[in-house]
Amino acid sequence: MPDTTPDDLPALPVTFRPGRTRAVLIVLAAVTFVTVTVLGMVLAGLGPGERLSFVLTALLLAGVLLLLARPRVAADETGVTVVNLTTTRRLAWPEILRVNLRQGDPWVFLDLSDGTSLPALGIQPGIAKQRALADARALRDLVEARSDALPEAPCD
């Protein structure tokens, strides 16, 4: 896929998410909750406390699956918000020096001006590799267009 030109930059605000992975996790959370809850209600010989424990276990399992579906990278005029499993971090455009998605990486890594690297789980090549590559390129092009950082090598 060719690199995008400044005219091809995504319109802001834009949100990058692992769409297929997210859909699978949300459906799996719903199916898990319903299955475990129904199982707890139809099993004979369980008391109210045991039935409640089935429902609470179903809620816990569904909650973990929904937590895994949470990651996203949202870009707007002032910067980027990276939402990972349990953390959210807001970055101004100049704070991002480089967007990395190398072969074998589980998700995008952002090299930051403070010398650290921030994983951005919202762009991950798990189920939809071509989509993740296109999203990483689009984010890289936005960073190059909007920050004071020098252009870096393209992501692989």
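Procedures and definitions
Residues numbered from 1 in each chain as written. Predicted model: local features only at pLDDT ≥ 70, side-chain atom pairs only at ≥ 80, totals over all residues. Heavy atoms only, no water. pLDDT = per-residue confidence, 0-100. Contact = heavy atoms within 4.5 Å. Pairing = 2+ DSSP bridges. Helix = DSSP H or I, 4+ residues; strand = E, 2+ residues; numbered from the N terminus. Axes fitted to C-alpha atoms, helices over the stretch in contact; angles between N-to-C directions. Expected span 1.5 Å × (residues − 1). Buried < 20%, exposed > 50% of the residue type's maximum accessible area, 1.4 Å probe, protein only. Salt bridge = Lys/Arg side-chain N within 4 Å of Asp/Glu carboxyl O.

A few points about the confidence of the model for the chain
Parts of the prediction with low pLDDT should not have their coordinates interpreted in detail.
Phase 1: Considering every residue of the chain, the mean pLDDT works out to 90; 90% of them sit at 70 or more.
Phase 2: In this model, residues 1-5 is a region of pLDDT below 50 whose contacts with residues beyond four sequence positions or in other chains number seven contacts.
Phase 3: Low pLDDT (under 50) marks residues 149-153, which in the prediction has eight contacts with non-local residues, meaning those over four places away or in another chain.

Side note on the sheet that holds strand E4 (residues 88-92)
Phase 1: Strand order across the open sheet formed by four strands is E1-E2-E3-E4, with antiparallel pairing between neighbours. The open sheet terminates on both sides in strands that have one partner only, identified here as strand E1 (14-16) and E4. Here the strands of the sheet are splayed against their neighbours by 15° on average, with no regard to which way each runs.
Phase 2: The pairing of strand E2 (residues 72-75) with strand E3 (residues 79-83) spans four bridges and is classified as antiparallel. Counterpart to Ala74 in the pairing with E3 is Thr81.
Phase 3: Across the face of the sheet, helix H3 (residues 129-146) comes into contact with E1, E2 and E3 while running at roughly 135° to E1.

Examining H3
Phase 1: Along its 18 residues, H3 runs 26 Å from first to last C-alpha, staying within 8% of the 26 Å computed at 1.5 Å per residue.
Phase 2: All buried positions along H3 are accounted for by Ala132, Leu133, Asp135, Ala136, Arg137, Ala138, Leu139, Arg140, Asp141, Leu142 and Val143.
Phase 3: Buried residues along H3 sit against E1, E2, E3, strand E5 (96-100) and strand E6 (108-112).

What to know about the pattern of salt bridges
Phase 1: Applying the stated criterion to the full structure yields six salt bridges.
Phase 2: Taking the shortest distance from any N to any O, the salt bridge between Arg89 and Asp114 comes out at 3.8 Å. With Arg89 in strand E4 and Asp114 in the loop between E6 and strand E7 (117-120), this residue pair connects regions lying 25 residues apart in the sequence.
Phase 3: Among the residues examined, Arg89 registers a relative accessible area of 32% and is labelled partly exposed.
Phase 4: Accessibility expressed as a relative area gives 49% for Asp114, which makes it partly exposed.

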